[in-house]
Amino acid sequence: TAPPPARARAGARSRRGRRAARCCAGAPAPRPEYVPGEISDPNYVRIFDTTLRDGEQSPGAALTCSEKLAIARQLAKLGVDIIEAGFPRASPDDLEAVRQIAKEVGNQPTDTGHVPVICGLSRANEDDIDAAWEAVRHARRPRIHTFIATSPVHMEAKLRLTPDEVVDRAVKAVKYARSLGCDDVEFSPEDAGRSELSFLYRILGEVIEAGATTINIPDTVGYTIPDEFGSMIEAIRANVPGVDKCVVSTHCQNDLGLATANSLAGAAGGARQIECTINGIGERAGNASLEEVVMAIAMRGEEHFGGLRTGIDSKYITSASRMVSEYTGMMVQPHKAIVGANAFAHESGIHQDGMLKDKSTYEIMTPESVGLAREDDAGLVMGKHSGRHALRTRLADLGYTVTDGDMRDIFKRFKALADTKKIVTDEDLQALLMDEVHQPAEIWHLADLQVVSGTMGLPTATVRMMGPDGVQRTTSAVGTGPVDAAYKAVQQIVQVPVELTEYSLNAVTEGIDALANTRVQVADLGTVGNVGNRSAHPQTGEVRTASYSGTSADTDVVVASAKAYVNALNKLLGMRAAKTSVDAAASSEGESESEASKVASA
């Protein structure tokens, strides 16, 4: 048959482009029933989110237990198939956070009936695996993810093990995990991208025989390029014995900016699980970005990838992105695909002309398809006369569900802001929501702040704070500027040794009456023996000083800055308190077991 005329082909591409721009507006098709090691729909790609594990390894991205739980709930609502909730062996509080996620998110169905798999990471040793199982076993669908390095440089320089010893450890780890009662075990050969294929075939075949249900192929240092990585997945599927009994997965780092491209190439090569993070956060240059992977499959899965699909409900992407950004303190660059501030912005006159005539001229997807409400169909304009129902409706349109208690606080802030601004924008509402709801437990409360600054004297700040004992304390301090003075006054009261390592200030919207959104990051300078100020790296075991971020929004930049600083301190103190509580519980449990042992011996 002769090919269609060029005009017909162009018309077909144009119609596909218009369909693409309107795609993804509805909920995803039903996902196949979860079974470890197999997927009944050959076109279904499982999304494995590691924001709470690999993402939290980003410097300064320390999360409290409550923040991890909130993000896990959002990931479940988003439709993530597997949530890697953390590295339980890193510390008792990490184990407790994963355990809480397993108990709550791992058992409670979402509105659509979805219950995600809850996964814990472990190195290939029994202590790590015990901790991972203790954390995830409470979930309806628990998974243990164990790994060991397989590239020559890692085996020789880091592990100092022979290939035979590495295989032996990997097999023992998988068998031990299965012996605990875990029927869903994932194995990763770390730095697979630089490993010898023949050795990968061998070790993967043996761990599959030992009981692994998912084999994950990590490009740990982001070294491969798409056609190379896709070919590697094809070769593994063709040469590894027993590979048909498990799911092949990808985990791509972004050191060369190719993480998303490599992940998609892996899916095209037959991988049916993709590991990724919200906003692409993670070690060094980050991971494959969940929103990019998901929307690429949603846009091109049918046409280019032979019908591939995911179970992600894309309208929750924007709210998940903003939650992770606020909690970790890691800003999303404006030009970031899908969730960046400029992703659906058009300033060029030519582009604006095209958008006014047909939005598909310059947009391949709608902002609404990823939960970014650009327009309000009901014609709601949020201002000082708006009521609670209108505010709750608008927040729901933006993808946020708030409790009645949170709603009272948000509505109070909304009314105060509406008195100073004629119209409250969606960006203002989201900033208020993050400032009121997505904050750490309040240990210290900034009650009042007054600053004096200018060219005729030293900048001075006076603060009044309410402590955890319910007592108000007031003090004053001078500094190099009003913000520095406010921070020094806060420190005089709270007396927590920290170093301010990052400070940023941005206007939420345009105009002199815009909200100021402030982010700070502080490093815990407590002594090595102090609780809560050290965390272990899962790959290297390196113990690092913990950093904590804080955010706040206010029309007064100094108030926003002070509140952000107090929020960071509250997060630090909350993490310390949680660690103390977990350590005390573990000590009490150990004493009880010791007493029981003495009684039994007697």
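Residues numbered from 1 in each chain as written. Predicted model: local features only at pLDDT ≥ 70, side-chain atom pairs only at ≥ 80, totals over all residues. Heavy atoms only, no water.

Quick word on a nonpolar patch on the surface
Put simply, the rule is: For patches, a residue must show more than 30% relative accessible area and have no salt bridge; joins then use 9 Å for like charges and 5 Å for nonpolar side chains, namely Val, Leu, Ile, Met, Phe, Trp and Tyr. Each accessible area is a Shrake-Rupley estimate made with a 1.4 Å probe; only the visible protein chains count as cover when residues are assessed. For salt bridges, the criterion is a side-chain nitrogen of Lys or Arg within 4 Å of an Asp or Glu carboxyl oxygen. Every helix listed is a DSSP run of H or I at least four residues long, and every strand listed is a run of E at least two residues long, numbered separately from the N terminus.
Judged by side-chain polarity, Leu500, Tyr503, Leu505 and Val557 come together as a nonpolar surface patch covering roughly 310 Å² of accessible area. Here Val557 shows up in helix α17 (residues 557-601).

Re the nonpolar core
As a rule of thumb, nonpolar side chains are buried together in soluble globular proteins. The condition that has to hold: Put simply, a nonpolar core is a bunch of buried Ala, Val, Leu, Ile, Met, Phe, Trp, Tyr and Cys residues held in one set by side-chain atoms that sit within 4.5 Å of each other. The buried label applies to any residue whose accessible area, calculated with a 1.4 Å probe on protein chains only, is under 20% of its type's maximum; exposed applies above 50%, and partly exposed to all values in between. The contact criterion used throughout is that any non-hydrogen atoms of two residues lie within 4.5 Å.
The biggest cluster of nonpolar side chains holds 94 residues, and the ones touching the most others in it are Leu78, Phe187, Ile203, Leu204, Ile215 and Ile217. If we skip the residues at most four places from it in the chain, Leu204 touches Phe187, Pro189, Ile215, Ile217, Ile236 and Val240. Formed by 27 residues, the second largest nonpolar core is a distinct cluster that contains Val483, Ala568, Leu572 and Leu573.

A closer look at the layout of surface pockets
The line we're drawing: The pocket and cavity definitions rest on a 1 Å grid over protein atoms only: a 1.4 Å probe that fits but cannot leave marks a cavity, an open set with protein on both sides within 12 Å along at least five of seven lines marks a pocket, and residues lining either have an atom within 4 Å of a point. Grid points are joined across faces, edges and corners, and a volume is the space filled by probe spheres set on the points. When residue character is reported, Ala, Val, Leu, Ile, Met, Phe, Trp, Tyr, Cys and Pro are called nonpolar, Asp, Glu, Lys and Arg charged, and the others, Gly included, polar.
Empty space within the second largest pocket amounts to approximately 1,200 Å³. Along the wall of the second largest pocket there are 33 residues; nearest its centre are Arg322, Ala341, Glu427, Gln430 and Val508. Those elements that place two or more of their residues in the lining of the second largest pocket are α11 (317-328), α15 (426-436), β12 (498-507) and β13 (516-524). Within the lining of the second largest pocket, the residues separate by chemical class into 17 nonpolar, 9 polar and 7 charged.

Quick notes on the sheet that holds β12
Our working rule: Note: two strands are recorded as paired if DSSP finds a minimum of 2 bridges between them. For helices, the fitted line uses only the C-alpha atoms of the stretch in contact; every axis is such a line through C-alpha atoms, and the angle between N-to-C directions lies from 0 to 180 degrees.
Read across the open sheet, the 3 strands follow the order β12-β13-β16; overall the sheet is antiparallel. For this open sheet the edge positions go to β12 and β16 (547-554), each flanked by a neighbour on one side alone. Direction aside, the axes of adjacent strands within the sheet are offset by 15° on average. Here β12 pairs with β13 via 9 bridges, running antiparallel. The residue bridging Leu505 from the neighbouring strand is Thr518, located in β13.

A look at the sheet that holds strand β11 (residues 472-478)
Judged by pairing direction, the sheet is antiparallel, and its 3 strands sit side by side in the order β9-β10-β11 without closing on themselves. Here the strands that pair on one side only, and so sit at the sheet edges, are β9 (445-452) and β11. Pairs of neighbouring strands in the sheet enclose a mean axial angle of 15°, with direction left out of account. With 7 bridges joining them, β9 and strand β10 (residues 460-466) adopt antiparallel strand pairing. In the sheet register, Val452 faces β10, and the bridge partner there is Thr460. Lying over the sheet, helix α16 (residues 482-494) contacts β9, β10 and β11, oriented at roughly 140° with respect to β11.

Re the pairing of β11
Two strands pair when backbone bridges link them, and β10 and β11 are joined in this way by 7 bridges, in the antiparallel orientation. In the strand pairing of β11, Ala461 is matched with Ala477. Taking the residues that link successive antiparallel strands as the turn, the β10-β11 hairpin has 5 residues, and the phi of Gly470 there is positive, at about 80°.

Observations concerning helix α2 (residues 65-78)
One turn of the α-helix equals 3.6 residues, which is why residues spaced by three or four share an orientation. Counted only if it meets this: Given the number of residues in a helix, its expected span is that number minus one, multiplied by 1.5 Å.
The end-to-end C-alpha distance of α2, which contains 14 residues, comes to 20 Å, matching closely the 20 Å that a straight helix rising 1.5 Å per residue would cover. Of all 14 residues making up α2, 10 are buried, and the element is well covered by its neighbours. By the burial criterion, the buried members of α2 are Glu67, Lys68, Leu69, Ala70, Ile71, Ala72, Gln74, Leu75, Ala76 and Leu78. Looking one or two residues past α2, Gly79 carries a phi angle of roughly 100°, positive in sign.

Describing the packing of aromatic side chains
What counts is decided by this rule: Stacked, tilted and edge-to-face pairs are distinguished by plane angle, under 30 degrees for stacked and over 60 for edge-to-face with tilted covering the rest, among Phe, Tyr and Trp rings (Trp via its six-membered ring) whose centres lie within 6.5 Å.
By the definition in use, this model includes 2 aromatic pairs. Taking the centre distance of 6.1 Å and the plane angle of 35° together, the rings of Phe411 and Phe414 count as tilted. In this pair, Phe411 and Phe414 both sit in helix α14 (residues 404-418), 3 residues apart, roughly one turn of the helix. Relative accessible area serves as the criterion here: at 12%, Phe411 is assigned to the buried category. Exposure remark for Phe414: the relative accessible area of 0% places this residue in the buried category. Residues Tyr487 and Tyr565 carry aromatic rings whose centres are separated by 4.1 Å and whose planes lie at 10° to one another, so their mutual orientation is stacked. Here Tyr565 lies in helix α17 and Tyr487 lies in helix α16, a separation of 78 residues in the sequence. Residue Tyr565 is classed as buried on the basis of its relative accessible area of 5%.

A word on the pairing of strand β7 (residues 247-252)
Our working definition: A right-handed crossover is one whose linking path, passing over the helix from the first strand to the second, runs clockwise when the strands point away from the viewer.
The buried count for β7 comes to 6 of 6 residues, which makes it a mostly enclosed element. Side-chain alternation along β7 places Val247, Ser249 and His251 on one buried face and Val248, Thr250 and Cys252 on a second face that is also buried. Looking at chain direction, strand β6 (residues 214-219) and β7 are connected through 6 bridges and run parallel. Bridge assignment links Ile215 to a residue of β7, and that residue is Val248. In this fold, β6 hands off to helix α8 (residues 226-239), which returns the chain to β7; that crossover is right-handed.

Some words on the side chain of Asn279
As a reminder, the rule being used: Any pair of nitrogen or oxygen atoms within 3.5 Å is treated as a polar contact; in protein, a donor-acceptor pairing is required on top of that, and neighbouring residues in sequence qualify only through side-chain atoms on both sides.
Here Asn279 shows up in the loop between β8 (273-276) and α10 (290-300). For Asn279, a relative accessible area of 11% translates into the label buried. Reaching out from Asn279, the side chain makes a polar contact with the side chain of Ser321 at a distance of 2.6 Å. When residues no more than four places from it in sequence are discounted, the contact partners of Asn279 are Ser289, Glu291, Ser321, Val324, Ser325, Val332, Lys336 and Val339.

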